[in-house]
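Chain by chain, the residues run as shown.
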Amino acid sequence: MVILITENPHGQFTTEDYTVFVVMLTVSAAIGIYFGFFEGKKNKTTEDYLLGGRKMKVFPIAVSLIASQLSGVSIMSVPAEMYSYGAQYWIIAPTMIVIVMIINYIFVPVFYNNQITNCYQYLEDRFSPAVKKFVTFTYVLNIYLILPIFIFIPSLAFAQVTGTNIHLINGIVCCVCIFYTMLGGIKAVVWTDVVQGVIMFASCFLVVAVGVIKIGGFGEVFTRAAAGDRLNVFDMTFDATTRQTFWTASIGNVFLWTGYLGLNQSCVQRMVAVPSIRHARSALWIFCAGFIIITSLNCFTGIVIFAKYFDCDPIKVNLVQKADKLLPFYVQDVVGNLKGMPGVFISCVFSAGLSTMSANLNSLAGIIYEDYIRPFKLFKHTDASANLTMKVLILFSGLYCIVMGLVVEQFGHILQMVVTIASVTQGAVMGIFCLGMLWPWANKHGALWGSAASVIGMSWIIAGAQFAIKNGELSYPPKPTSVEGCAEYGFNVTQSVLVQSMNDVSDNGFSIYKMSFVWYSTVGTFLVFLVGIPVSYLTGSQDLSKMHAKLISPVVHRWLPKEVTKSELVLKTSAVNPDDVHIKEWVFTPAEEQKRKVLRESNEHVL
């Protein structure tokens, strides 16, 4: 007879658990109702709906960034990554300090000096409308490919601990997210993120704490993890085909996360929703601290899960179908007997998914309206018509996510899949912004051909890698696990019987298709430079004497002609209180003033 490992058997989600979960959804919906109706008079303009009137507070924005960047994919898949492949992924936590420094001192000043609220507007100002349209299209395509995954993963966890139909719960929760995002705009998104962020931190901490206590303390956890080769953080292997090493987790993630955090419209939209550049930088540093704490907790959770099942792998005995379902199974086992705790955990995963989905729905609606609907002048543009159109876009985008759950269900390792999909365009986006801000000689031809080459090149590499995986020519075998202790639970098995078969991959030398997926964004970024710089020179480099210094990052101003830097945009403030640094007056040079007059009509409500 097989004895169940968990004290809360599959399908026995208690009344207390359901209550906690429903309360979380109710609070999220209530925030949307509050900002949609009771605060409706303050949410009439497009700027209010998308930017909160540029009066958002630093701490809520910081927590919102934490909650939305640490999606359900992170909560579920990072522990699975640690369990299967070891601790190398944790390097991303301290690396975030470097990433935030890059964003704060290279990208943020440019966005503020150009009054950018739609980050892709910068590409039109720096290069041309064609460049902006191309990159905007890649952003929209990328979000539509990846967004269904963010909300489906929490549904996966819910189905694991309750037995509920995964598509039913996916539909219900998506509808709640659509509801409060449509009604409340950015204010509802940010304040639901604050509530959901608190739930995420509390539940992650409690699950880890109870697990460590039941295993026998930190010493026992680390002893078991070390014996299972799960603590090798500093794998210094110089091999681009190795799945995770110190170099992939640090350098590779710098390119991936800098683009994802600093050049993603949903993030930029919140950065510029605060009154000043100083507030934006403060919000990013608070985000950095929170990210390091939550990511470290997620990583340690994976180590604790391995320590718990170090001698009886639930995957090998078919108690769990794949690694991405390990965390909800572990929660059932460790805290399932504590009423309400599984509900807290499920609320944590859904909070992460909802925050990511709502932030992306809000920014996606703004981008589509501004770039693909408004230019056609199908109806008279007013704040009311713009807000209504964006609400309809949010509705249809949310319904699309529900339907696409049928496809996401077929995916394998979720973290790898998310990084792979994002990397098709992430490198091109990172590269073209860096080309524009850091290479003043780049022109519109170099930018367009460089970004196109990056997208095409990365699509080719990623497609080749996926075919190699499908044909068994490429695999990432997980670190070994044991079933020696499974007899305690009634499983009459041996290690030799249950060792998972792995395709033997013959070593035929380096192949670009065997490159670790973590390097995709890095390669995509360099492709932009490798193509963009030569094309710029061949087609006539940008005339620096006609360059606007505000379009170039301050870190490279020393290479600009002095007459250009002297005519740089000046920002004045008339705030009495030094802490109240709301923008009061923008002073333009004569040339900039002429351009401003031409663009004023179309840009008065730029996202």
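Note that the structure is a prediction, hence the values are computed from the model and not measured.

S.K.: I keep staring at the overall build of the protein and nothing clicks. Help me out?
M.R.: Regarding its fold elements, the protein presents 21 helices and two strands. Expressed as a percentage of the 607 residues in the protein, the buried residues total 58%. In the protein, the share of contacts with a sequence separation of at least 24, taken over all contacts with a separation of at least 6, comes to 84%.

S.K.: Whenever I open this one, a nonpolar patch on the surface confuses me. Can you help?
M.R.: On the surface, I97, M101, Y105, W285 and V555 cluster together into a nonpolar patch covering about 440 Å² of accessible area. It is helix α5 (residues 92–113) that contributes the most residues to the nonpolar patch, three residues altogether. With respect to the helices and strands, the residue V555 is situated in the loop between α19 (520–538) and α20 (562–566). According to the relative accessible area criterion, V555 is partly exposed, its value standing at 38%.

S.K.: Can you help me understand the packing of aromatic side chains in this one?
M.R.: Within this structure, the stated rule accounts for 14 aromatic pairs. Taking the centre distance of 5.3 Å and the plane angle of 45° together, the rings of Y120 and Y139 count as tilted. One end of the pair, Y120, is in the loop between α5 and α6 (121–126); the other, Y139, is in helix α7 (residues 129–162), and 19 residues separate them in sequence. Just as Y120 is buried, Y139 falls in that class too. Above the plane of the ring of W559 lies R558, whose end atom (NZ or CZ) is 5.5 Å from the centre.

S.K.: Any chance you could explain the nonpolar core here in plain terms?
M.R.: A general feature of soluble globular proteins is that nonpolar side chains tend to end up buried together. The biggest cluster of nonpolar side chains holds 139 residues, and the ones touching the most others in it are F21, M96, F111, L123, Y330 and F433. M458, A468, L474 and Y476 belong to the second largest nonpolar core, which has 13 residues in total.

S.K.: Would you mind showing me how to read the side chain of K132 here?
M.R.: Note on placement: K132 falls in helix α7. A polar contact of 3.1 Å, which involves the side chain of K132, links it to the side chain of Q121. In this view, K132 contacts N118, Y120, Q121, L123, E124 and D371; residues no more than four positions away in its chain are not counted.

S.K.: Even after reading the chapter, I still don't get α19, so can you show me in this structure?
M.R.: Residues separated by three or four positions in an α-helix point in the same direction, a consequence of the helix having 3.6 residues per turn. Here α19 is 19 residues long and its end C-alpha atoms lie 27 Å apart, about the 27 Å a rise of 1.5 Å per residue gives. Positive phi shows up at G540, right after α19, with a value of about 95°.

S.K.: Explanation requested: the packing of α5 against helix α12 (residues 277–308) in the structure shown.
M.R.: In helix packing, the relevant descriptors are the interaxial angle and the interaxial distance, both defined with respect to the helix axes. Closest axis-to-axis distance for the α5/α12 pair is 10 Å, and the angle between their directions is 160°. By the criterion of interaxial angle, the relationship of α5 to α12 is roughly antiparallel. Where α5 crosses over α12, the two elements pack in a sense that is right-handed. Contacts between α5 and α12 involve I92, A93, M96, I97, V100, M101, I103, N104, Y105, V108, P109 and Y112 from the first element and I277, A280, R281, L284, W285, F287, C288, F291, I292, T295 and S296 from the second. In terms of residue class, the contact of α5 with α12 is made up of 19 nonpolar, three polar and one charged.

S.K.: Sorry if this is basic, but what is going on with unusual backbone geometry here?
M.R.: For D229, which is not a glycine, the phi torsion comes out positive at approximately 60°. Mapping D229 onto the fold places it in the loop between α9 (218–227) and α10 (246–262). Looking at D229, the relative accessible area reads 41%, which means it is partly exposed.

S.K.: How should I be thinking about the packing of helix α17 (residues 444–470) against α19 in this particular structure?
M.R.: Packing of α17 against α19 leaves a shortest axis separation of 7 Å and a crossing angle of 145°. Once α17 is placed against α19, the crossing between them reads as right-handed. Where α17 approaches α19, its residues H445, G446, W449, G450, S451, A453, S454, G457, M458, I461, I462 and A465 are matched on the opposing element by Y520, V523, G524, L527, V528, V531, G532, V535 and S536. The class makeup of the residues in the contact of α17 with α19 is 12 nonpolar, nine polar and no charged.

S.K.: It is not clear to me how the pattern of salt bridges should be interpreted in this structure. Could you clarify?
M.R.: According to the stated counting rule, one finds three salt bridges in the structure shown. With a closest N to O distance of 3.8 Å, K132 and E124 form a salt bridge. For K479, the salt bridge identified is with D229, shortest N-O distance 2.9 Å. Remark: D229 occurs in the loop between α9 and α10 and K479 occurs in the loop between α17 and α18 (495–498); sequence separation between them is 250 residues.

S.K.: Explain the environment of Q121 here, please?
M.R.: Its location among the elements puts Q121 in helix α6. In the structure, Q121 is positioned 10 residues away from V131 in sequence and 9.9 Å away in space, judged by C-alpha atoms.

S.K.: Looking at this model, I keep getting lost on the side chain of R224. Mind explaining?
M.R.: Looking at where R224 falls in the secondary structure, it is placed in helix α9. The class for R224 is buried, based on a relative accessible area of 18%. Looking at R224, its side chain comes within polar contact range of the main-chain oxygen of A307, at 2.8 Å. Beyond its immediate sequence surroundings of up to four residues, R224 is in contact with I215, F306, A307, K308 and F310.

S.K.: When you look at α10 in this model, what are you seeing that I'm missing?
M.R.: Between the first and last C-alpha of α10 there are 23 Å, a value that for 17 residues agrees with the 24 Å anticipated at 1.5 Å per step. A maximum bend of about 40° is found in α10 at N253. Among the 17 residues of α10, 14 are classified as buried, and the element is accordingly described as predominantly covered.

S.K.: I'm lost on the environment of S28 in this one. Help?
M.R.: With respect to the helices and strands, S28 occurs in helix α1 (residues 15–38). The sequence separation of S28 and T181 amounts to 153 residues, and the corresponding C-alpha distance is 9.6 Å.

S.K.: How should I be thinking about the confidence of the model for the protein in this particular structure?
M.R.: Low-pLDDT portions of the prediction should not be read for the details of their coordinates. Predicted confidence across the protein gives a mean pLDDT of 75, with 77% of residues reaching 70 or more. In the model of the protein, strand β2 (residues 585–587) stands out as the element of lowest mean pLDDT, 38, in contrast to α19, which has the highest, 92. Note that pLDDT drops below 50 for residues 1–11; the model gives that stretch 29 contacts with residues more than four away or on any other chain. Low pLDDT, under 50, characterises residues 598–607; the predicted model gives this stretch 21 contacts beyond four residues in sequence or across chains.

Cut-off values and rules
Residues numbered from 1 in each chain as written. Predicted model: local features only at pLDDT ≥ 70, side-chain atom pairs only at ≥ 80, totals over all residues. Heavy atoms only, no water. Helix = DSSP H or I, 4+ residues; strand = E, 2+ residues; numbered from the N terminus. Buried < 20%, exposed > 50% of the residue type's maximum accessible area, 1.4 Å probe, protein only. Contact = heavy atoms within 4.5 Å. Patch = residues over 30% accessible without salt bridge, like charges linked within 9 Å, V, L, I, M, F, W, Y side chains within 5 Å. Areas by Shrake-Rupley, 256 points an atom, 1.4 Å probe, with all protein chains shown as cover. Salt bridge = Lys/Arg side-chain N within 4 Å of Asp/Glu carboxyl O. Phe/Tyr/Trp six-rings, centres within 6.5 Å; stacked < 30°, edge-to-face > 60°. Lys NZ or Arg CZ within 6 Å of the ring centre and 35° of its normal. Core = buried A, V, L, I, M, F, W, Y, C linked by side-chain atoms within 4.5 Å. Polar contact = N/O pair within 3.5 Å; in protein donor to acceptor, adjacent residues only side chain to side chain. Expected span 1.5 Å × (residues − 1). Axes fitted to C-alpha atoms, helices over the stretch in contact; angles between N-to-C directions. Parallel < 35°, antiparallel > 145°, perpendicular 65-115°, else oblique. Left-handed = near helix turned anticlockwise from the far one by under 90°. Nonpolar A, V, L, I, M, F, W, Y, C, P; charged D, E, K, R; others polar. Bend = angle between axes of the 7 residues up to and from the residue. pLDDT = per-residue confidence, 0-100.

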